[in-house]
Amino acid sequence: MKASQLILGTQRENPADAEIISHQLMIRAGLVRQVSSGIYNWLPLGKKILQKVENIIRKEMDVAGGQEILMPMVQPASLWEDSGRIDQYGQELLVFLDRHENKFCLGPTHEEIITDLCKNLLTSYKQLPVTLYQIQTKFRDEIRPRFGVMRSREFLMKDAYSFDLDKDGLDRSYAIMKETYIKIFDNLGLDYRVVKADSGAIGGSDSEEFHVLADSGEDLLAFSDKSEYAINAELLTELQEGQDAYSLDGKPSPDGKGLLRLKKGIEVGHIFKLGKKYSQTLNLRIQGENSDIHPEMGCYGIGASRIVAAAIEQNHDEKGIIWPKALAPFEVAIVEVNPKKKEEISIQCSDIYNLLKENDIEVLWDDREKRPGVKFHDMEVIGTPITVIIGERTLETGEIEIKKRLDEKPQLVSHQDLISAIKTN
RNA sequence: CGGGGCAUAGCGCAGCCUGGUAGCGCACCUGCUUUGGGAGCAGGUGGUCGCAGGUUCAAAUCCUGCUGCCCCGACCA
């Protein structure tokens, strides 16, 4: 893509009302713009990144046998009355009337809808086990939205629901999803932890959370430095009333192995064993071998839009974002330096641009009529992993300058080594 | 919901105290000169000063009410 044709929307100054770094950088890099409290527009660059997150999730969900569907954002409130959650969820559930004065709500999650759907869809135990998922907008009317898309009211989420004949089946489906989540977060290239968690308003028995480690996280995690022990600090039974969880840092781990470490995390994924909670209250029955059964359900969420913010919290410097390779909106930026000096500069840019595209490398050619410094700064705030610099200096030598986002200085490579130099990065 | 703060051009801000023709920097447009790390000069575009009411000859400025947004807390998948 040529930068002259892209609505970039980069800004030089931090917005006054953005407090945390990911929020500031998302606005400065032209990823999002605020519409209202907790409600955002996603600009071309931001949407591109969001799409990368979605595709990484989608790929592993499909590998795990998940089947993608799309459920509505607007849901009949009556389903929430049936499940009993209309009161439990409280004001976070945005309820409104349609023109016939029927009560509807904006879906904050989809257990009710999926269970209702499966009452018609699943008729025999032979269809089990099955996992259905969607990537879709959720709306939760948060008391206090904050930190940009980190805690917004409207956000993009992947939610999956598994249906099994019995508890053993649920255990298997849950284990598959946990493995899938580990692959997804590995592929995203983020530093994360899986911890035991509280199942909260969703309900059910076992649940685990996936947290991206970052100092700005809203959750405190406790884990052993020697074992698999890891738990959301709010569940620590070792804590006395009023005791600060941090005081346990360095103390022996509750499982007797190693020492406890405490770190802040951003919750980006949560998996639950729901059991029969919804299949019973909403009366989802499936024909079993002998008689009807209420299937065992699990549900599995990933905050797609929150991952974008969390990735930035974890990967940035004073210049801007440093994207993990998997999330970068463009893998390579070409900075065209002073093309008016020699027409060969633009020609070489064009050649390299086409070469990269032929090699399936996503490239942004900064062909804007801007001074070099502006382009360098923009590419750094956007956080492209590699910048190719084409200018008068290197025209004659035949070598090409490439600069990695984290390197101080560029390196020179020959024309024929360019692709391998980029791909081995 | 409790406490605090803010609201003036796309962004960052000044002006308000002491009422008198709406400003600055960045961005944007035109031209010239520049050009390897956020250029210079000249010209230009863009505003119901959050909304409503009041005081006044006159309100961005003073008064009242409202709304929106941000931060801390409570709460939260």
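Residues numbered from 1 in each chain as written. Chains lettered and ligands numbered in written order. Predicted model: local features only at pLDDT ≥ 70, side-chain atom pairs only at ≥ 80, totals over all residues. Heavy atoms only, no water.

1. Here's the deal with the state of the cysteines
This is how it is decided: Any cysteine sulfur atom paired with another within 2.5 Å is treated as part of a disulfide. Type-normalised accessible area, obtained with a 1.4 Å probe on protein chains alone, sets the label of each residue: buried when under 20%, exposed when over 50%, and partly exposed for intermediate values.
One pass over the structure, following the stated rule, counts zero disulfides. Cysteine cysteine 299 shares no disulfide, and the gap to the nearest cysteine sulfur, in cysteine 118, comes to 13 Å. Given the relative accessible area of 4%, cysteine 299 is considered buried.

2. Focus: the layout of surface pockets
Defined as follows: Think of a 1 Å grid over the protein atoms and nothing else: a 1.4 Å probe that fits but is trapped marks a cavity, an open set flanked by protein within 12 Å on at least five of seven lines marks a pocket, and residues with an atom within 4 Å of a point count as lining. Grid points are joined across faces, edges and corners, and a volume is the space filled by probe spheres set on the points. Runs of E in the DSSP output that reach at least two residues are strands. Runs of H or I that reach at least four are helices, and both are numbered from the N terminus. Amino acids are sorted into nonpolar (Ala, Val, Leu, Ile, Met, Phe, Trp, Tyr, Cys and Pro), charged (Asp, Glu, Lys and Arg) and polar (every other residue, Gly among them).
In this structure, the largest pocket encloses a volume near 930 Å³. Of all the secondary structure elements, the ones that give two or more residues to the lining of the largest pocket are helix H4 (85–89), strand E8 (154–164), strand E13 (260–275), strand E16 (296–303) and helix H8 (304–314). Looking at which element gives the most residues to the lining of the largest pocket, the answer is E13, with seven residues. Along the lines of polarity and charge, the residues of the lining of the largest pocket split into 17 nonpolar, 14 polar and 13 charged. In this model, the second largest pocket occupies a volume close to 410 Å³. Every residue lining the second largest pocket is counted, 25 residues in all, and those nearest its centre are Val337, Phe376, Ile389, Arg393 and Glu401. Contributing elements (two or more residues each) for the lining of the second largest pocket: helix H10 (372–382), strand E21 (386–390), helix H11 (392–395) and strand E22 (399–404). Residue contributions to the lining of the second largest pocket peak at five residues, all from H10.

3. Notes on the protein's contact with RNA strand B
Operational definition: When at least one non-hydrogen atom of a residue lies within 4 Å of a molecule or strand, that residue is treated as near it.
Around RNA strand B, the structure places 45 residues, and the nearest of them are Arg306, Asn338, Lys370, Glu380 and Arg393. Take the atoms of RNA strand B that sit within 4 Å of the protein: sugar and phosphate atoms are 49% of them. Mapped by element, the contributors of at least two residues to the surface near RNA strand B are strand E1 (32–36), E13, H10, H11 and E22. Considering every element that reaches the surface near RNA strand B, the biggest residue donor is H10, with seven residues.

4. Some thoughts on the nonpolar core
Note the cut-off: Think of a nonpolar core as a cluster: buried Ala, Val, Leu, Ile, Met, Phe, Trp, Tyr and Cys residues, connected wherever their side-chain atoms sit within 4.5 Å. Any pair of residues with heavy atoms lying within 4.5 Å of one another is described as a contacting pair.
In terms of nonpolar packing, the biggest core is built from 61 residues, with Leu31, Tyr181, Phe185, Leu188, Val308 and Trp323 touching the most fellow members. Dropping the residues within four chain positions of it, leucine 188 is found in contact with Val53, Ile56, Ile307, Pro324, Ala326 and Leu327. If you look at the next biggest cluster of nonpolar residues, it comprises 25 residues, including Leu79, Cys118, Tyr161 and Tyr278.

5. With respect to the confidence of the model for chain A
Where we set the bar: Confidence scores per residue from the predictor, reported as pLDDT, run from 0 to 100.
When pLDDT is averaged along chain A, the result is 94, and 98% of the positions lie at 70 or above. In the model output, the complex is listed with pTM 0.96 alongside ipTM 0.94.

6. Thoughts on the environment of leucine 282
For leucine 282, the position within the fold is in the loop between helix H7 (277–281) and strand E14 (286–287). For leucine 282, a relative accessible area of 5% corresponds to the buried category. Distance from leucine 282 to isoleucine 113, taken between C-alpha atoms, is 10.0 Å for residues 169 residues apart in sequence.

7. Some remarks on the packing of helix H2 (residues 44–63) against helix H6 (residues 167–188)
Operational definition: To obtain each axis, a line is fitted to C-alpha atoms, and for helices this fit is confined to the stretch in contact; angles are then taken between N-to-C directions over 0 to 180 degrees. Handedness of a crossing is defined here by the sense of rotation of the near helix relative to the far one, left-handed for an anticlockwise turn of less than a right angle and right-handed for a clockwise turn.
Two elements in contact, H2 and H6, have axes separated by 9 Å at closest approach and are oriented at 145°. The handedness of the crossing between H2 and H6 is right-handed. Across the interface between the two elements, Val53, Ile56, Ile57, Glu60, Met61 and Val63 of H2 pack against Met177, Thr180, Lys183, Ile184, Asn187 and Leu188 of H6. Classifying every residue of the contact of H2 with H6 by side-chain character gives eight nonpolar, two polar and two charged.

8. Some thoughts on the pattern of salt bridges
We count it as follows: By salt bridge we mean one thing: a side-chain nitrogen of Lys or Arg within 4 Å of a carboxyl oxygen of Asp or Glu.
Throughout the structure, instances matching the rule amount to 28 salt bridges. The salt bridge partner of lysine 183 is glutamate 60, with a shortest N-O separation of 3.9 Å. With a gap of 123 residues between them, lysine 183 in helix H6 and glutamate 60 in helix H2 connect regions that are remote in the sequence. Owing to a relative accessible area of 7%, glutamate 60 belongs among the buried residues under this scheme.

9. Comments concerning the pairing of strand E10 (residues 207–213)
Our working rule: Any two strands are treated as partners once DSSP identifies two or more bridges connecting them.
Extensive coverage of E10 is indicated by the burial of seven of its seven residues. Where strand E9 (residues 192–196) and E10 come together, five bridges link them in antiparallel fashion. Counted as the bridge partner of valine 195 is glutamate 209 from E10.

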